[in-house]
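Structure assessment
Each chain, written out:
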Amino acid sequence: MTRVLGFWLACLWFTNGIAAPTLPAGILKLQPYTAPALQLSDMDGNPFDLRQARGHWVFVHFWASWCAPCRREMPTIQRLHEQFAHSRLQLVLINTAEDDDTVFTFLSAVAPQLTSLMDRNGLATERWRPRGLPATYLVDPQGNVRYQALGGRPWDQGDYQQFLRHLIGAGVNPATR
Amino acid sequence: MNLGTRTFAAVVLTLLLPANHLAHAASATREFDDGRLWLRLTARTPQQIAAFYIGRKFPANMIDVARKQCFFTVVIRNRSDKIIWLDLARWRFIDRNADINRLDRAWWQQQWQRLKAPMASQSTFRWTLLPASLDFHPGETEGGNLTLPRSGRRFSIEALFPTEADGSGKPIRVRFDDLRCAEDPKP
């Protein structure tokens, strides 16, 4: 009897350990596909290539300062950045087709800890074919796009944090999700 | 400024506006809501359009082209639990009994190529247009500008929104009558 109970408790623990939390509102699970190329530099000229982020989950976020939902969402991404510092989640922001002055002025006022890659002619953004701006994709450690957010999301809220922590959590194999 | 302050400011501004401005403001925005689909249509004046793109550092020749056209900002929210399709090919713009041809992305692209417009400005302009087609997921909100040739005449918009993932569900019909392109205020 004790062994039977132990077996079921073990099953319960195991399934809880790997079960995905409910998808937060506005997060779409996608049929995985290879992430489009993303090779850009930030305002200081530091280059970034998404291929070099293999082994990490990457939060790929396209934005522009003129887009009202982007402006509302950006402070929540700053808080996400603070809460996930030193984690296996890498945040990558891409500004779509604005200039350095505009991006610098906006970020320094709204999210001073964040930096952004500059898609100066907008072509990198086009390759990802977002539904609109803002657009956020979650790319798995193998370089596949696995989730997409619909519009701006409150990334600093509990269910989004729990979802992201689950994705990057130790012992969780994203390929089983 | 919090929401309460903004509401108070809006009420004060409304009370201070002369009556003709109130009528103008009331006719500039229309809404549709059937519990499944919410849609807001706002006519933009040439000054509003110019101000927006000047703020985005567009060159003067692009702004000249834009301000001569008729802009409506459209915001759409899927309030249902099913997919709702936006497909601009299923929108009609009716001036009396004749259809008006929408200025689509290809038309704008031609203008920008003719002007040798900067790629960054072209990209930003594209992102400010309403998508030609999009499957709105439950709870999703997207928007953008709808553009038509500018005229002083009144017209109607009749739009069909197919439903379900494959678009086979009964479409939602939206109609707005007595629309006009917004004009700049008279000095």
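Note that the coordinates shown come from a computational prediction; the quantities given were computed from them, not determined experimentally. (Residues numbered from 1 in each chain as written. Chains lettered and ligands numbered in written order. Predicted model: local features only at pLDDT ≥ 70, side-chain atom pairs only at ≥ 80, totals over all residues. Heavy atoms only, no water.)

What follows deals with the overall build of chain B. Of the regular secondary structure elements, chain B holds six helices and ten strands. The burial tally for chain B puts 43% of its 187 residues in the buried class. In chain B, of all internal contacts separated by at least 6 residues, the share reaching a separation of at least 24 is 73%. (Helix = DSSP H or I, 4+ residues; strand = E, 2+ residues; numbered from the N terminus. Buried < 20%, exposed > 50% of the residue type's maximum accessible area, 1.4 Å probe, protein only. Contact = heavy atoms within 4.5 Å.)

Helix and strand counts for chain A stand at five helices and eight strands. Starting at the N terminus and ending at the C terminus, chain A contains elements arranged as α-β-β-β-β-α-β-α-β-α-β-β-α. Counting across all 177 residues of chain A, residues that qualify as buried make up 50%. Total accessible area computed for chain A in this model is approximately 8,900 Å², and 55% of it derives from carbon and sulfur atoms. (Areas by Shrake-Rupley, 256 points an atom, 1.4 Å probe, with all protein chains shown as cover.)

All names here are of chain B. Reading across from one edge, E1-E2-E3-E8 is the order of the four strands in this open sheet, with antiparallel pairing throughout. At either margin of the open sheet sits one strand with a lone partner, and together these are strand E1 (29-33) and strand E8 (141-149). When the angles between neighbouring strand axes are averaged without regard to direction, this sheet yields 15 degrees. Where strand E2 (residues 37-44) meets strand E3 (residues 69-78), eight bridges bridge the pair, whose relative direction is antiparallel. Each residue of the ladder has a partner; that of Leu 37, found in E3, is Asn 78. (Pairing = 2+ DSSP bridges. Axes fitted to C-alpha atoms, helices over the stretch in contact; angles between N-to-C directions.)

What follows covers the nonpolar core. Residues and elements named next belong to chain A. Counting residues in each nonpolar core, the largest one holds 52 residues, and the members touching the most others are Leu 38, Leu 50, Val 60, Met 74, Trp 128, Trp 155 and Leu 164. In terms of residues, this core owes the most to one element, strand E4 (residues 57-63), which gives six residues. Residues within four places of Leu 164 in sequence aside, it is in contact with Leu 80, Phe 84, Leu 89, Leu 138 and Trp 155. (Core = buried A, V, L, I, M, F, W, Y, C linked by side-chain atoms within 4.5 Å.)

Take the environment of Ala 25 of chain A next. Residue and element names in this part refer to chain A. One can find Ala 25 in the loop between helix H1 (2-18) and strand E1 (27-34). With 30 residues separating them along the chain, Ala 25 and Gly 55 place their C-alpha atoms 27 Å apart. Not counting the four nearest positions on each side in its chain, Ala 25 is found in contact with Arg 153 and Tyr 160.

For the rest of this paragraph, the subject is the confidence of the model for chain B. Residues and elements named next belong to chain B. Mean pLDDT over chain B stands at 88; residues scoring 70 or higher make up 86%. Scored below 50 in pLDDT, residues 1-26 shows four contacts in the model against residues more than four places distant or in partner chains. For this predicted complex, the interface confidence reaches an ipTM of 0.83, while the overall pTM sits at 0.85. (pLDDT = per-residue confidence, 0-100.)

Here the focus is the interface of chain A and chain B. Accessible area lost during the coming together of the parts is what is often quoted as the interface size. Counting residues at the interface gives 20 residues for chain A and 17 residues for chain B. Summing the contributions of chain A and of chain B, the shared interface buries around 1,500 Å²; its carbon and sulfur component is 56%. For the chain A face of the interface with chain B, the top three residues by lost area are Trp 66, Glu 126 and Arg 131 of chain A, together amounting to 44%. Across the chain A-chain B interface, the total number found is four salt bridges. Salt-bridge contacts for Glu 126 of chain A lead to Arg 126 of chain B; the nearest nitrogen and oxygen are separated by 2.9 Å. (Buried area = accessible area lost by both parts, 1.4 Å probe. Salt bridge = Lys/Arg side-chain N within 4 Å of Asp/Glu carboxyl O.)

To continue, consider empty space enclosed by the protein. Residue and element names in this part refer to chain A. Tallied over the full model, the rule gives one cavity of 30 Å³ or more. Taken together, Leu 50, Ala 53, Arg 54, His 56, Val 58, Val 139, Asp 140 and Gly 143 make up the full set of residues lining the largest cavity. Per-class residue counts for the lining of the largest cavity are four nonpolar, two polar and two charged. (1 Å grid on protein atoms, 1.4 Å probe; cavity = no way out; pocket = protein on both sides within 12 Å on 5 of 7 lines; lining within 4 Å. Points joined across faces, edges and corners; volume = space filled by probe spheres on them. Nonpolar A, V, L, I, M, F, W, Y, C, P; charged D, E, K, R; others polar.)

This part takes up helix H3 (residues 46-55) of chain B. Residue and element names in this part refer to chain B. Buried within H3 we find Pro 46, Ile 49, Ala 50 and Tyr 53. One side of H3 holds all its buried residues, which, seen down the axis, span an arc of 95 degrees. Residues of H3 that are buried sit in contact with E2, helix H4 (60-67), E3, helix H6 (119-128) and E8. (Arc of directions from axis to C-beta.)

Moving on: the pattern of salt bridges. Under the defined criterion, the tally for this structure stands at 19 salt bridges over all chains. Asp 156 of chain A is paired through a salt bridge with Arg 79 of chain A; the nearest N and O atoms lie 2.5 Å apart. Note that Asp 156 of chain A is positioned in the loop between strand E8 (144-149) and helix H5 (158-168) and Arg 79 of chain A in helix H2 (residues 68-83), a separation of 77 residues in sequence. Across the salt bridge formed by Arg 131 of chain A and Asp 135 of chain B, the nearest N and O atoms sit 3.2 Å from each other. Remark: Asp 135 of chain B occurs in strand E7 (residues 133-136) and Arg 131 of chain A occurs in the loop between helix H4 (123-128) and strand E7 (135-139); the pair is interchain, linking two chains. Given the relative accessible area of 15%, Arg 131 of chain A is considered buried.

Next up on the list: the packing of H4 of chain B against helix H5 (residues 105-114) of chain B. Residues and elements named next belong to chain B. Between H4 and H5, whose axes approach to 10 Å, the crossing angle comes to 150 degrees. Note that H4 runs across H5; the crossing there is right-handed. Contacts between H4 and H5 involve Met 62, Val 65 and Ala 66 from the former and Trp 107, Trp 108, Gln 111, Trp 112 and Arg 114 from the latter. Here the contact of H4 with H5 is composed, by residue class, of six nonpolar, one polar and one charged. (Left-handed = near helix turned anticlockwise from the far one by under 90°.)

This part takes up the packing of H5 of chain B against H6 of chain B. All names here are of chain B. Packing of H5 against H6 leaves a shortest axis separation of 11 Å and a crossing angle of 160 degrees. Taken together, the axes of H5 and H6 are roughly antiparallel relative to one another. As H5 packs across H6, the resulting crossing turns out to be right-handed. Packed against H5, whose contacting residues are Arg 105, Trp 108, Gln 109 and Trp 112, the element H6 presents Gln 122, Phe 125 and Arg 126 at the interface. Across the contact of H5 with H6, the residue classes break down as three nonpolar, two polar and two charged. (Parallel < 35°, antiparallel > 145°, perpendicular 65-115°, else oblique.)

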